[in-house]
Amino acid sequence: MRHLLTTAGLPRKTVTALLDTAEALKQSLLGREVRKLPTLRGRTVVTLFYESSTRTRASFEIAGKWMSADVVNISAGGSAVAKGESLRDTALTLTAMGADCVVLRHPASGAAHRLAGWVPAHVINAGDGTHQHPTQALLDAATLRERLGDLNGRTVTIIGDVLHSRVARSNIELLITLGARIRLVAPPTLLPRDVAHWGNALASTSGDWPVTVSHDLDAALPGSDAVMMLRVQTERMHGEFFPSAREYAISYGLTEARLGLLPEHAVVLHPGPMLRGMEIAYSVADSPRAAITEQVRNGVHVRMAVLYHLLAGRDDQTPGEEV
Ligand code: ASP
């Protein structure tokens, strides 16, 4: 694997290898006082963020540091980007200084793909517009695997602002690869117009498009093994997509009552940041059924695994064994 740009077309074998490496890393770091592996010593990772981030940026930094990489963080706001420098020039500047890997977050869909064609470094897509967020989908899959075991045949219900969600797009592709079935539940205004066609490419190869679409959350909850709540992405909205936050919460918020409609074993996920009281009730976000903190924790190990496979990559080796 040279870059991680999308979950679309990522072979199941690669996904499983990444998840297994993340799991092995998690186990090997468990209970250690010093969380430091020498694996990426001498490698330089640059995080280049044109959009705000708490979890993704910090966890890439921690992941790199726990593997002894040198990590440099650049935010568009405090860099020459604010003076008008292009993405290409910024990235070429950083790779001229020796960056081995650029972790890019950008508001334009496709930015990471463009970057991968310009620089000699490995590129990781840390979120490009409404398009893809592959490490989010990998950490979600890692969390679901921990709670549910094999995802083959499981039903994952993705709820909310599908239209603007790179998290939803990455998860749909990845979960289908792992054999899961997807239910999308959203107001009609927050579903992509072409959602029915997303599966055409897949359907032509697998003969199946295991995604259903509905607007009725209460009907979708029983029979779901997991629910993935999405943030309402107001920063990407130009116009009114629903009458009010209150109306949204009434129809699409995960309330205590709705939690009761889920099977006992069902897991609640949210990629964060959460809009509590609107997308998810305070008590539901804090309930033991929610795996939101585990998602964040697994995010570090998954990003370690991705950096390892890109920068030190040998699929048959566990980090720490090679030194
Ligand atoms: N943190 C995720 C992302 O950057 C989800 C969100 O912001 O809603 O896509």
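Located above this text is the structure these notes cover.
Residues numbered from 1 in each chain as written. Predicted model: local features only at pLDDT ≥ 70, side-chain atom pairs only at ≥ 80, totals over all residues. Heavy atoms only, no water.

Student: Please give an account of the overall build of the protein chain that cites residues and values.
Tutor: Secondary structure summary: the protein chain contains twelve helices and nine strands in total. Against the 2.2 N^0.38 benchmark of 20 Å for 323 residues, the protein chain shows a C-alpha radius of gyration of 19 Å, consistent with a compact globule. Oriented by its inertia axes, the alpha-carbon framework of the protein chain measures out at about 55 × 45 × 40 Å. Residues counted as buried form 55% of the 323 residues belonging to the protein chain. For the protein chain, the computed accessible surface area is about 13700 Å², with 52% contributed by carbon and sulfur atoms. (Helix = DSSP H or I, 4+ residues; strand = E, 2+ residues; numbered from the N terminus. Rg over C-alpha atoms; globule rule 2.2 N^0.38 Å. Buried < 20%, exposed > 50% of the residue type's maximum accessible area, 1.4 Å probe, protein only. Areas by Shrake-Rupley, 256 points an atom, 1.4 Å probe, with all protein chains shown as cover.)

Student: Outline the packing of helix 1 (residues 12-29) against helix 12 (residues 292-311), supporting the account with residue identities and numerical values.
Tutor: The description of two helices packed together rests on the angle between their axes and the distance between the axes. Running from N to C, helix 1 and helix 12 cross one another at 120°; their axes reach a closest spacing of 8 Å. Considered as vectors, helix 1 and helix 12 are oriented oblique to each other. Where helix 1 crosses over helix 12, the handedness of that crossing is right-handed. Between helix 1, through Ala17, Leu18, Thr21, Ala22, Leu25, Lys26 and Leu29, and helix 12, the contact on the second element is made entirely by Asn298, His301, Val302, Met304, Ala305, Val306, Tyr308 and His309. When grouped by side-chain class, the residues that make up the contact of helix 1 with helix 12 number ten nonpolar, four polar and one charged. (Axes fitted to C-alpha atoms, helices over the stretch in contact; angles between N-to-C directions. Parallel < 35°, antiparallel > 145°, perpendicular 65-115°, else oblique. Left-handed = near helix turned anticlockwise from the far one by under 90°. Contact = heavy atoms within 4.5 Å. Nonpolar A, V, L, I, M, F, W, Y, C, P; charged D, E, K, R; others polar.)

Student: So what about the nonpolar core? Which residues, and what values?
Tutor: Residues Leu138, Leu144, Ile158, Leu184 and Met304 are the most contacted members of the largest nonpolar core, which totals 62 residues. If one sorts the elements of this core by residue count, helix 12 sits on top with nine residues. Beyond its immediate chain neighbours, meaning those up to four positions away, methionine 304 contacts Leu25, Leu29, Leu37, Ala63, Trp66 and Met67. Grouped together as the second largest cluster of nonpolar side chains are 26 residues, Leu190, Val227, Val268 and Ala290 included. (Core = buried A, V, L, I, M, F, W, Y, C linked by side-chain atoms within 4.5 Å.)

Student: Describe in detail the site of the ligand, supporting the description with residues and values.
Tutor: In the vicinity of the ligand, the contacting residues are Arg105, His133, Arg166, Val167, Arg231, Gln233, Gly272 and Pro273. Here an oxygen atom of the ligand and a side-chain polar atom of glutamine 233 are 2.7 Å apart. Contact with the protein chains hides 93% of the accessible area of the ligand, taken as 260 Å² for the molecule alone. More than half of the atoms of the ligand fall within 2 Å of the grid points belonging to the largest pocket. For the shell around the ligand, a count of residues per class yields two nonpolar, three polar and three charged. (Near = heavy atom within 4 Å. Polar contact = N/O pair within 3.5 Å; in protein donor to acceptor, adjacent residues only side chain to side chain. 1 Å grid on protein atoms, 1.4 Å probe; cavity = no way out; pocket = protein on both sides within 12 Å on 5 of 7 lines; lining within 4 Å. Sits in = over half its atoms within 2 Å of the grid points.)

Student: Outline the packing of aromatic side chains, listing residues and values.
Tutor: Counted by the stated rule, this structure contains two aromatic pairs. Between phenylalanine 242 and tyrosine 248, the aromatic rings sit 5.0 Å apart at their centres with planes inclined by 50°, giving tilted as the arrangement. Judged by relative accessible area, which is 2%, tyrosine 248 ranks as buried. Aromatic side chains tyrosine 248 and tyrosine 252 sit 5.8 Å apart centroid to centroid with 45° between the ring planes, which places their arrangement in the tilted category. (Phe/Tyr/Trp six-rings, centres within 6.5 Å; stacked < 30°, edge-to-face > 60°.)

Student: Help me get a handle on the sheet that holds strand 4 (residues 122-128), residues and values and all.
Tutor: Judged by pairing direction, the sheet is parallel, and its four strands sit side by side in the order 2-1-3-4 without closing on themselves. Each edge of the open sheet is held by one strand with a lone partner, namely strand 2 (70-75) and strand 4. Strand-to-strand twist of the sheet, defined as the mean angle between neighbouring strand axes without regard to direction, takes the value 15°. As judged from the five bridges shared by strand 3 (residues 101-106) and strand 4, these two strands associate in the parallel manner. Looking at the pairing, cysteine 101 lines up with histidine 122 of strand 4. Taken strand by strand, helix 2 (residues 55-66) contacts strand 1 (44-49), strand 2, strand 3 and strand 4, and its axis lies near 160° from that of strand 2. Lying on the sheet, helix 12 is in contact with strand 1, strand 3 and strand 4; it crosses strand 4 at an angle near 150°. (Pairing = 2+ DSSP bridges.)

Student: Tell me what's going on with the packing of helix 3 (residues 87-96) against helix 4 (residues 111-118), and back it up with residues and numbers.
Tutor: At a minimum axis separation of 10 Å, helix 3 and helix 4 run at an interaxial angle of 50°. Considered as vectors, helix 3 and helix 4 are oriented oblique to each other. For the element pair helix 3 and helix 4, the recorded crossing hand is right-handed. Residues Leu87, Arg88, Ala91 and Leu92 of helix 3 pack against Ala111, Leu115 and Trp118 of helix 4. Its residues placed into classes, the contact of helix 3 with helix 4 shows six nonpolar, no polar and one charged.

Note that all results are geometric; they support no functional claim without further evidence.
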